[in-house]
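What the coordinates show
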Amino acid sequence: MAFGRLERPQGSQPMSDINMTPLIDVMLVLLVIFMLTAPLMTSRLKLDLPKADARINPPNPPAVLAIALTADGQTHLDEQLITTEALARQVEAQSKQKPDAEVQLRVDRVVPYERVAQLIGLLQKAGLNRIAFVTEPGGEGAQPAKP
């Protein structure tokens, strides 16, 4: 006659520790996603697009350079006609005197974007990074530019 044990073998015990591997995997995936998208969320050139009703007057206005590009391709600095080379010298001198100077761009609608981009490049090369685009008040009722 065979005698057996009266004790039952213990089954597997439930695991009381948290499995960290899936959590670490998710964290690494999120880290990679944020590393890839963070540079896309920042922009070096902040644009104030032409639609504004509010006029903000700072208490201590910084030095301002007013540059205008006309429809006929001429460049004006403070209402005076100027060549590109002379403009480059002027903004270089201004950036050395007052590096926080603000440049206010007034650009005719028909001026090609390439010309505006070249001017912005010239300003940034000289060290002036505070660039404002001046618009006419129009707000919601303003008509968009026709292609």
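Since the model is a prediction, treat every value here as computed from it, not as a measurement.

1. Considerations on the overall build of the protein chain
The helix and strand inventory of the protein chain stands at three helices and five strands. Ordered by position in the sequence, the α and β elements of the protein chain form the string α-β-β-β-α-β-α-β. The contacts of the protein chain with a sequence gap of at least 6 include a subset with a gap of at least 24, amounting to 73%. By element, 58% of the accessible surface of the protein chain is carried by carbon and sulfur atoms, the whole surface being about 12500 Å².

2. Details of the sheet that holds strand E3 (residues 80-82)
Ordered by their spatial adjacency, five strands build an open sheet running E3-E2-E1-E4-E5, and the pairing between neighbours is mixed. Each of the sheet's edge strands pairs with one partner strand only, and the pair in question is E3 and strand E5 (130-133). Averaged over all neighbouring strand pairs, the angle between strand axes comes to 30°, with direction disregarded. With six bridges connecting them, strand E1 (residues 64-69) and strand E4 (residues 102-107) associate as parallel partners. If you follow Ile-67 over to E4, its bridge partner there is Leu-105.

3. Overview of the pairing of E4
Note that E4 and E5 share four bridges and pair parallel. Each bridged residue has a counterpart across the sheet, and for Val-103 the counterpart in E5 is Ile-131. Viewed along the sheet, the connection from E4 through helix H3 (residues 113-126) into E5 turns out right-handed.

4. Some details on the environment of Val-64
Mapped onto the elements of the fold, Val-64 is located in strand E1. Counting along the chain gives 37 residues from Val-64 to Ala-101, while the straight-line C-alpha distance between them is 5.8 Å. Apart from residues no more than four positions distant in its own chain, Val-64 is found in contact with Glu-102 and Gln-104.

5. Looking at the nonpolar core
Of all hydrophobic cores here, the largest spans 21 residues; its most connected members are Ile-67, Val-91, Val-103, Leu-105 and Leu-123. For this core, the elements supplying multiple residues, two or more each, are E1, helix H2 (84-97), E4, H3 and E5. At five residues, H3 tops the list of elements feeding residues into this core. Excluding anything up to four places from it in sequence, Ile-67 contacts Thr-75, His-76, Leu-77, Leu-87, Val-91, Val-103, Gln-104, Leu-105, Arg-106, Leu-119 and Leu-123.

6. Considering the confidence of the model for the protein chain
Fine structural detail should not be taken from predicted coordinates in areas where pLDDT scores are low. For the protein chain, the mean per-residue pLDDT works out to 79, and 75% of the residues sit at or above 70. Confidence, read as mean pLDDT per element, is least for E1 in the protein chain (87) and greatest for H3 (91).

7. With respect to the pattern of salt bridges
Within the structure shown, the criterion is met by one salt bridge. A salt bridge links Glu-102 to Arg-130, with the nearest nitrogen and oxygen atoms 3.4 Å apart. One end of the pair, Glu-102, is in strand E4; the other, Arg-130, is in strand E5, and 28 residues separate them in sequence. For Glu-102, a relative accessible area of 17% translates into the label buried.

8. Side note on the packing of H2 against H3
At a closest axis distance of 8 Å, the pairing of H2 and H3 adopts a crossing angle of 40°. In the crossing of H2 with H3, the sense of the turn from one axis to the other is right-handed. Between H2 and H3, the residues in contact are Thr-84, Leu-87, Ala-88, Val-91, Glu-92 and Ser-95 and Arg-115, Leu-119, Leu-122, Leu-123 and Ala-126, respectively.

9. Describing H2
Because an α-helix completes one turn every 3.6 residues, residues spaced three or four positions apart along the sequence face the same direction. For H2, which comprises 14 residues, the first-to-last C-alpha distance of 20 Å matches the rise-based estimate of 20 Å (1.5 Å per residue) to within 8%. Tucked inside the fold, the buried residues of H2 contact E1, strand E2 (75-77), E3 and H3.

Reading the values: the criteria
- Residues numbered from 1 in each chain as written.
- Predicted model: local features only at pLDDT ≥ 70, side-chain atom pairs only at ≥ 80, totals over all residues.
- Heavy atoms only, no water.
- Helix = DSSP H or I, 4+ residues; strand = E, 2+ residues; numbered from the N terminus.
- Contact = heavy atoms within 4.5 Å.
- Areas by Shrake-Rupley, 256 points an atom, 1.4 Å probe, with all protein chains shown as cover.
- Pairing = 2+ DSSP bridges.
- Axes fitted to C-alpha atoms, helices over the stretch in contact; angles between N-to-C directions.
- Right-handed = clockwise from strand over helix to strand, strands pointing away.
- Core = buried A, V, L, I, M, F, W, Y, C linked by side-chain atoms within 4.5 Å.
- Buried < 20%, exposed > 50% of the residue type's maximum accessible area, 1.4 Å probe, protein only.
- pLDDT = per-residue confidence, 0-100.
- Salt bridge = Lys/Arg side-chain N within 4 Å of Asp/Glu carboxyl O.
- Left-handed = near helix turned anticlockwise from the far one by under 90°.
- Expected span 1.5 Å × (residues − 1).

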